[in-house]
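# Descriptive structure summary
Spelled out, the chains give:
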Amino acid sequence: MDTYDAIIIGAGHNGLVTALYLARAGWKTLVLERNAQIGGAVQSGAITRPGFVHDLWSTNQNLFRGSPVYKELKADLERHGLQYVVSDKPYCNVFPDGSSLRVYKDQERTLALLQAHNAADADGWRRLYAQYKQFTKTLLPLYGVPLPSPAAAWVLVKALLTAGPRELGTLAGILLSSTRELGETYFASPEARALIATWGMHLDFGPSVSGGATFPFLEAFTDMEQGMALAQGGASKMPEALAGLLREYGGTVRTEAPVRRIRIEGDHATGVILHDGTEIAATRAVIANLTPGVLFGDMLADYPLPLDVRRRVKAYKYGPGTMMVHLALREPPQWAAGPEISEFAYVHIPPTVDDLDRTYTQSLAGLLPDSPLLIVGQTSVVDPSRVPGHGAILWIQVRTLPNEIRGDAAGAITARTWDDAKEAYADRVIAKLEQYAPGIRDLILERVVYSPTDLAHANPNLVGGDSVGGSHHLRQNFLWRPWLGASTYTMPVRGLYMVGAGTWPGAGTNGTSGYLAAQALLAPPSARSVAVTTTAAAITATALIGLRWWRAQRRR
């Protein structure tokens, strides 16, 4: 029987990050991937015509480019083929009347456009951006540390000392808002409100869902400051570079090696059993780059977990589905909102907050939305190496859709399975796109459609076609991801750990959970025991500071 120090199940980028850091520390490390291609939801390929390189699922790699993994390993990853191209025109929203709102990697240019559109919108953007700057100084470091942890507690202590409870209370109010509430608080026009609310639907935040403002609040301004980064030559360049560096450190990656069961001896995870019956031992850790339903529902189905854990696994909630429509075009589209729109990395087509709310509600009810949100990625504009000659690629993410179809809000599609409905629904997508980019039908050379069912078949973590690996609503985020007591990657089986979108800090190509899990595994036992004491001390200090502020407020 082959034996390794650590076995990682799933060659998504978080699994590869964990494996890479363990291998660099001298662990004998094996990554097992069920598919022929590594990368999980970060993959690219020539799926339409030769020379047209499409990002199959995820495309924006800003989070990874800003991660500690990339900062620490940038030169090595570049040596293994990872280079980024960055658009200074990251995103825009277009509207039915031919107008648009555009965000540039240039604050003054963005503000000037907002000022011309509506002076109150420009003022609101300035005020909200000031809150964003405060957030990045005080609370943003929480996204790079485990929850709970001494590091997280000290972040809160320092935030209280530097910003004060009142300012942190204002930030908390923003983070707990829905995107509708955030827009109505800071912006006057329906267009500016839609500009913010659209980002919430990238996850599973309909405009009226509390806590939905967090991601839009961060993404809207981060893209303005940093632009939007794509991997030159295709999204797969990132996991391929991680795997190349992992192999350089002595790690092994096996594809087409699906795991059937995690082997348990007593109360300890000691290895895995593949679908072909092969057993592989792990002496230190088994790390699952999986979501809870896949890990505990399939690979540990026979293990006698405590009843409360089984209940929590069963309660883990997945979000609405996603469709991907990939277009190979003979040339870039011509947008009704003006020629400059062809230069933006993302073109959002909601068009209003009410439209987003209707789409979200319809999808939760099992209905095919009559007018879904289109997130149009113009990847070949950002990275011309992805197309031959004068061709163009459109990456269209369709949000949000029912996991299972019960009906059609427009009353036109009678199919009740995604296999039967996907092409007809893709026609609806193209019809909506045609309203904003007239003549685009005549530019299409090839079209490839992936339905929510196709997403789930390609990647078991995307249950029901949920492209973000589980709902990010407040009950299942932060300390509660995947559930309270399991947010530090340690599972209720000794030697078993979980990373990926189902763990803190959630979905996105950030590599954070893989990085933090590796750091925890490599920490000496003495550091872990000290961490408990330090966390308690930091939490006590935070409480005392808050109490002093509360008493001071009462004396006023």
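As a reminder, the structure under discussion sits directly above these lines.
What comes next is a walk through the structure. Within every chain, residues take consecutive numbers counted from 1 along the sequence as written. Local features in this predicted model are restricted to residues of pLDDT 70 or higher, and side-chain atom pairs are both shown and tallied only at a pLDDT of 80 or more, whereas totals for entire chains, interfaces and linings draw on every residue. With hydrogens and water excluded, all non-hydrogen atoms of the structure serve as input to the side-chain values.

### Digging into the overall build of the chain
Where we set the bar: Strands are runs of DSSP state E lasting at least 2 residues, helices are runs of H or I lasting at least 4, and numbering of each runs from the N terminus. Note on exposure labels: buried denotes an accessible area under 20% of the residue type's maximum, exposed denotes more than 50%, and partly exposed covers the range between, all computed with a 1.4 Å probe on protein chains only. Note on definitions: a residue-residue contact is assigned when non-hydrogen atoms from the two residues lie within 4.5 Å. Areas reported as accessible are Shrake-Rupley estimates using a 1.4 Å probe. Residue values count occlusion only from the protein chains shown. In this tally Asp and Glu are treated as negative and Lys and Arg as positive; neither His nor the chain ends contributes. Charge placement uses NZ in Lys and CZ in Arg. For Asp and Glu, CG and CD serve respectively.
What the chain contains, in helices and strands, is 18 helices and 20 strands. Viewed in the frame of its principal axes, the chain has a C-alpha envelope of about 70 × 65 × 45 Å. Put simply, the chain has 556 residues, and 58% of those count as buried. Taking as baseline every contact in the chain between residues at least 6 positions apart, the subset at least 24 positions apart corresponds to 74%. Accessible surface, the chain: about 21200 Å² in total, of which carbon and sulfur atoms supply 53%. In the chain, which carries 52 positive and 50 negative side-chain charges, the distance between the mean positions of the two groups comes to 8 Å.

### A short note on the side chain of glutamine 134
In this structure, glutamine 134 sits in helix 5 (residues 119-138). Overall, the relative accessible area of 19% leaves glutamine 134 in the buried class. Aside from chain neighbours lying at most four places away, what touches glutamine 134 is Ala163, Glu167 and Leu171.

### With respect to the pattern of salt bridges
Where we set the bar: Salt bridges are defined by distance alone: a side-chain nitrogen of Lys or Arg within 4 Å of a carboxyl oxygen of Asp or Glu.
Under the criterion given, the structure shown has 26 salt bridges. Between arginine 254 and aspartate 2 there is a salt bridge, with its nearest N and O atoms 3.2 Å apart. Remark: aspartate 2 occurs in strand 1 (residues 2-9) and arginine 254 occurs in strand 9 (residues 252-254); sequence separation between them is 252 residues. Classification of arginine 254 as partly exposed rests on a relative accessible area of 25%. Under the relative-accessibility criterion, aspartate 2 is labelled partly exposed at 41%. Two residues, aspartate 302 and arginine 261, come together in a salt bridge whose shortest N-O distance is 3.6 Å. Taken as a pair, aspartate 302 in the loop between helix 11 (292-299) and helix 12 (307-315) and arginine 261 in strand 10 (residues 259-265) lie far apart in primary sequence, 41 residues in all.

### A short note on the packing of aromatic side chains
Threshold: Note on ring pairs: Phe, Tyr and Trp rings are taken, using the six-membered ring of Trp, and paired if centres are within 6.5 Å. Classes follow the plane angle, with under 30 degrees stacked, over 60 edge-to-face and the rest tilted. To sit over a ring, a charge needs its Lys NZ or Arg CZ within 6 Å of the ring centre and within 35 degrees of the ring normal.
For the coordinates displayed, the defined rule picks out 22 aromatic pairs. With a centroid separation of 5.1 Å and an interplanar angle of 75°, the aromatic rings of tyrosine 316 and tyrosine 318 are classed as edge-to-face. Three or more aromatic residues joined by ring pairs form one cluster here, namely Trp125, Tyr129, Tyr132, Phe135, Tyr143, Phe187, Phe217, Phe221, Phe478 and Trp504. Above the ring of tyrosine 4, the side-chain terminus of lysine 28 is found at 4.8 Å from the ring centroid. For the cation-ring pair, arginine 284 lies above tryptophan 27, with the distance from its terminal atom to the ring centre recorded as 4.5 Å.

### Digging into the nonpolar core
Counted only if it meets this: For the purposes of this section, nonpolar cores are sets of buried Ala, Val, Leu, Ile, Met, Phe, Trp, Tyr and Cys residues that join through side-chain atoms within 4.5 Å.
Trp125 and Phe217 are the most contacted members of the largest nonpolar core, which has 106 residues in total. Broken down by element, the residue count for this core peaks at eight residues, all from helix 6 (residues 150-176). Aside from chain neighbours lying at most four places away, what touches phenylalanine 217 is Leu128, Gln131, Tyr132, Phe135, Leu171, Ile174 and Leu175. With 37 residues, the next largest nonpolar core counts Leu329, Leu401, Trp418 and Tyr436 among its residues.

### Notes on helix 10 (residues 237-248)
Selection rule: By this rule, a helix spans an expected 1.5 Å times one less than how many residues it contains.
If you check helix 10, its first and last C-alpha atoms are 16 Å apart, about what 12 residues at 1.5 Å a residue would give, namely 16 Å. In the stretch just after helix 10, glycine 250 is the one whose phi turns positive, near 100°.

### Here we look at the sheet that holds strand 14 (residues 346-349)
Quick reminder of the rule: Pairing between strands requires that DSSP locate at least two bridges from one strand to the other. To obtain each axis, a line is fitted to C-alpha atoms, and for helices this fit is confined to the stretch in contact; angles are then taken between N-to-C directions over 0 to 180 degrees.
One open sheet holds the seven strands; their spatial order is 7-6-14-16-17-13-19, and the pairing between them is mixed. What marks the edges here is a single partner per strand, and that holds for strand 7 (100-103) and strand 19 (444-450). Taking the axes of each pair of neighbouring strands and ignoring which way they run, one obtains an average angle of 20° across the sheet. Here strand 6 (residues 91-94) pairs with strand 14 via three bridges, running parallel. Residue pairing for strand 14: tyrosine 91 is matched across the bridge by tyrosine 346. The strands that helix 13 (residues 353-364) touches are strand 16 (373-377) and strand 17 (392-401); relative to strand 17, the one it contacts most, it runs at about 65°.

### Remarks on the side chain of glutamine 397
Mapped onto the elements, glutamine 397 comes out in strand 17. If we ignore the near neighbours within four places in the chain, the residues touching glutamine 397 are His202, Thr322, Met323, Met324, Leu373, Leu374, Ile375 and Ser467.

### A word on unusual backbone geometry
Residue proline 482 is reached from arginine 481 by a cis peptide bond, and omega for that bond is 0°. Topologically, proline 482 is positioned in the loop between helix 16 (452-458) and strand 20 (496-498). The amide bond that connects tryptophan 504 to the next residue, proline 505, takes the cis arrangement and shows omega of 5°. One can find proline 505 in the loop between strand 20 and helix 17 (512-522). In this structure, glutamate 256 is a non-glycine residue whose phi angle is positive, near 50°. Secondary-structure assignment places glutamate 256 in the loop between strand 9 and strand 10.

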